[in-house]
Amino acid sequence: MKQSSLKSTLAVSLNNYLDAGAIVAGASGLTLWQRYLNLSEVHLGWLNFISANCLGAALGAIIGGFLADRYGRKFIYTYNLLVYMAGVLLIMCSVNFPMLLAGFLLTGISVGIGVPASWTYISESSEIGNRGRNICISQMSWGVGPMIILLLGMFFAPGGYLFGWVETLGIAIAGNNAPVEVVNVFSSRLVFLSLFIVAFIAWNMQRNLEESKEWQASRESQKAKGENSGLLHSFGALFSNKTAIKTVFFLATIYLAWNLVASVMGFFQPHIYETAGGVDNETANWMNCIQWAIIVGTTFIVSKVIDKTSHKLIYILGLLFAISAWVIIVAVGVNGPTGLWTFAILWGIEGGMSVQVFYALWGSELFPAKFRAGAQGLMFFIVRGLSAVWGLVFTYIYGENGEGFTIAAYCMIALLLTSLVVGVIGCPETRGKSLEQITKERYKEL
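Since the structure is predicted, the reported quantities are computational estimates derived from the model, not experimental observations. (Residues numbered from 1 in each chain as written. Predicted model: local features only at pLDDT ≥ 70, side-chain atom pairs only at ≥ 80, totals over all residues. Heavy atoms only, no water.)

In this structure, what is going on with the overall build of the chain? I would like to understand it.
A count of helical and extended segments in the chain gives 20 helices and zero strands. In terms of its C-alpha atoms, the chain occupies a principal-axis envelope of roughly 70 × 45 × 35 Å. Taken across its 446 residues, the chain has 60% of its residues classed as buried. A sequence separation of at least 24 residues applies to 83% of the contacts in the chain between residues at least 6 apart. (Helix = DSSP H or I, 4+ residues; strand = E, 2+ residues; numbered from the N terminus. Buried < 20%, exposed > 50% of the residue type's maximum accessible area, 1.4 Å probe, protein only. Contact = heavy atoms within 4.5 Å.)

Next comes the structure, spelled out in structure tokens:
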């Protein structure tokens, strides 16, 4: 891979670090915020509903996708992370539920704006034989983020190696008579501070990227033909093309079915380990951290073979691991270490070859450049929006103390089976083809 391609991939991949990092930062400190602000399970559901995990990202994606097609990929990288930093700063300073909710929303919107442009830019700047590998590098960043955030969360958390420093800082700011819940939540505030720093570094890297040559060529072609390039026209072009509509339906289905499971696990997993599994906060976060390390390692292996191996085979294997994880946790039970650790390991392996890898790859391959990011933004809007609703439903199924865990697990198995069946039926043959070649084969009329 050329150095320029690697450099731009790494710079853009930081968006995935910030995406997953924001979700896991909220998840790892969820119990601390709950105790500090006296939040109920419904409050937690609302935080998930509007966060980077769900609605916030959904709203951002549909805006960001079409902005990236209209004004270019670089436009997104010049301004978007400023919104992210504002959201994280609001979370860091939160002293009540509305402030925390607003911070989660702003951060989520920024994450959504960046996602379609990121996957699109990576594919458009990649060589034919490295497109899958570059997407996997991006996904590795999506795994490294949670792993680092969880480690920080554990070190800063009450009882952690660095909590003494956190406690000193908290007392200095909140006062000697501050309740223990007020002091403890400073550990989560510092975790979000780390995201603010990474976002600032990423913003400085991304605003210096060159514009996508594929997008520039598409824009010049549109101008030469006198085509309207406005946002409404992009929507019209997308919805008037039968191939594009079928592709949206296929990709949205496989990603939605998988993401309804993954979004719940991304936000609630440590909380589930603590309530249904009965482990303490530190153990829950260690289990989650090890799981993310497995995801990163598995993704690295997949990155070496994805451009040379059948995509359908890897896709099937990933979902078989995912389904096995949930079947075993139902059979063995969630109340013992055997079931929990088996689940964590299998779900980690699945994460390295997950549906999201192929959604990111196929989503950037199967649409023409003129509405490539917009189509991804639309699908991301649908998926994360419905995931937001599902997050609220899940809290009612799950219950206050995990009494509905088994029913929730059966729902997860059904969703994963849906993603498996639809993905196997519709798996496209794009390996070894240029984006231009794929577009000509699929959209002969363009």
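Please clarify how the packing of helix α6 (residues 97-124) against helix α7 (residues 131-156) should be interpreted in this entry.
To characterise two packed helices, one gives the angle between the axes of the helices and the distance between these axes. One can describe the packing of α6 onto α7 by two numbers: an axis separation of 9 Å at closest approach and a directional angle of 145°. In this structure, α6 meets α7 at a crossing whose hand is right-handed. Facing W119, I122 and S123 of α6, the residues of α7 in contact are R131, N134, I135, S138 and Q139. (Axes fitted to C-alpha atoms, helices over the stretch in contact; angles between N-to-C directions. Left-handed = near helix turned anticlockwise from the far one by under 90°.)

Would you explain unusual backbone geometry in this entry?
Peptide bonds are mostly trans, and most non-glycine residues show a negative phi. Of note, N38 is a non-glycine position whose phi angle comes to about 55°, a positive value. Checked against the element boundaries, N38 lands in the loop between α2 (30-37) and α3 (41-49).

Please clarify how the packing of helix α17 (residues 355-365) against helix α18 (residues 372-398) should be interpreted in this entry.
Contact geometry of α17 with α18 gives a least axis separation of 8 Å together with a crossing angle of 140°. Between α17 and α18, the interaxial angle falls into the category oblique. Residue-level contacts link Y359, G363 and S364 of α17 to R372, Q376, M379 and F380 of α18. For the contact of α17 with α18, the residue count by class is three nonpolar, three polar and one charged. (Parallel < 35°, antiparallel > 145°, perpendicular 65-115°, else oblique. Nonpolar A, V, L, I, M, F, W, Y, C, P; charged D, E, K, R; others polar.)

Looking at this structure, how should I read a nonpolar patch on the surface?
Taken together, the side chains of L193, I197, F200, I201 and M205 present a nonpolar region at the surface, about 420 Å² in accessible area. Mapped onto the elements, M205 comes out in helix α10 (residues 186-206). (Patch = residues over 30% accessible without salt bridge, like charges linked within 9 Å, V, L, I, M, F, W, Y side chains within 5 Å. Areas by Shrake-Rupley, 256 points an atom, 1.4 Å probe, with all protein chains shown as cover. Salt bridge = Lys/Arg side-chain N within 4 Å of Asp/Glu carboxyl O.)

Mind showing me how you'd approach the side chain of T107 here?
Tracing the backbone shows T107 in helix α6. Of the polar contacts made by the side chain of T107, one reaches the backbone oxygen of G103; its length is 2.8 Å. What T107 contacts, discounting residues up to four positions off in sequence, is A22, Y84, G87, V88 and I91. (Polar contact = N/O pair within 3.5 Å; in protein donor to acceptor, adjacent residues only side chain to side chain.)

What am I meant to see in the packing of aromatic side chains here?
The geometry of two aromatic rings is summed up by the distance between their centres and the angle between their planes. Taken as a whole and judged by the stated rule, the model has 23 aromatic pairs. Seen from their ring centres, W119 and F380 are 6.2 Å apart, and the 75° between their planes marks the pair as edge-to-face. Here W119, found in helix α6, pairs with F380, found in helix α18; they are 261 residues apart in sequence, far enough to count as distant. No difference in accessibility class separates W119 from F380, as the two residues are buried. Aromatic side chains W326 and F343 sit 4.9 Å apart centroid to centroid with 80° between the ring planes, which places their arrangement in the edge-to-face category. Placement of the pair is W326 in helix α15 (residues 311-332) and F343 in helix α16 (residues 337-352), with a sequence separation of 17 residues. With respect to class, W326 is no different from F343; both count as buried. Here R189 stacks its cationic end above the ring of F186, 5.2 Å away from the centre of that ring. The cationic tip of R207 hangs over the ring face of W203; the distance from NZ or CZ to the ring centre is 4.3 Å. (Phe/Tyr/Trp six-rings, centres within 6.5 Å; stacked < 30°, edge-to-face > 60°. Lys NZ or Arg CZ within 6 Å of the ring centre and 35° of its normal.)

Help me understand the pattern of salt bridges in this model?
Working definition: two side chains of opposite charge can pair if their charged atoms are close together. Counted under the stated rule, the structure contains eight salt bridges. Its salt-bridge partner being E214, residue R372 comes within 3.7 Å of it at the nearest N-O pair. Here R372, found in helix α18, pairs with E214, found in helix α11 (residues 213-225); they are 158 residues apart in sequence, far enough to count as distant. Residues joined in a network through salt bridges with shared partners are D69, R73, E124, E214 and R372.

Explain the environment of R131 here, please?
Checked against the element boundaries, R131 lands in helix α7. For the pair R131 and G236, spaced 105 residues apart in sequence, the C-alpha separation works out to 29 Å. Here R131 is in contact with S123, S126, D307, L361, E365, T430, K433, S434, L435 and I438, once residues within four sequence places are set aside. A polar side-chain atom of R131 sits 2.8 Å from a polar atom in the side chain of E365.

Any functional reading would require information that these geometric values do not contain.
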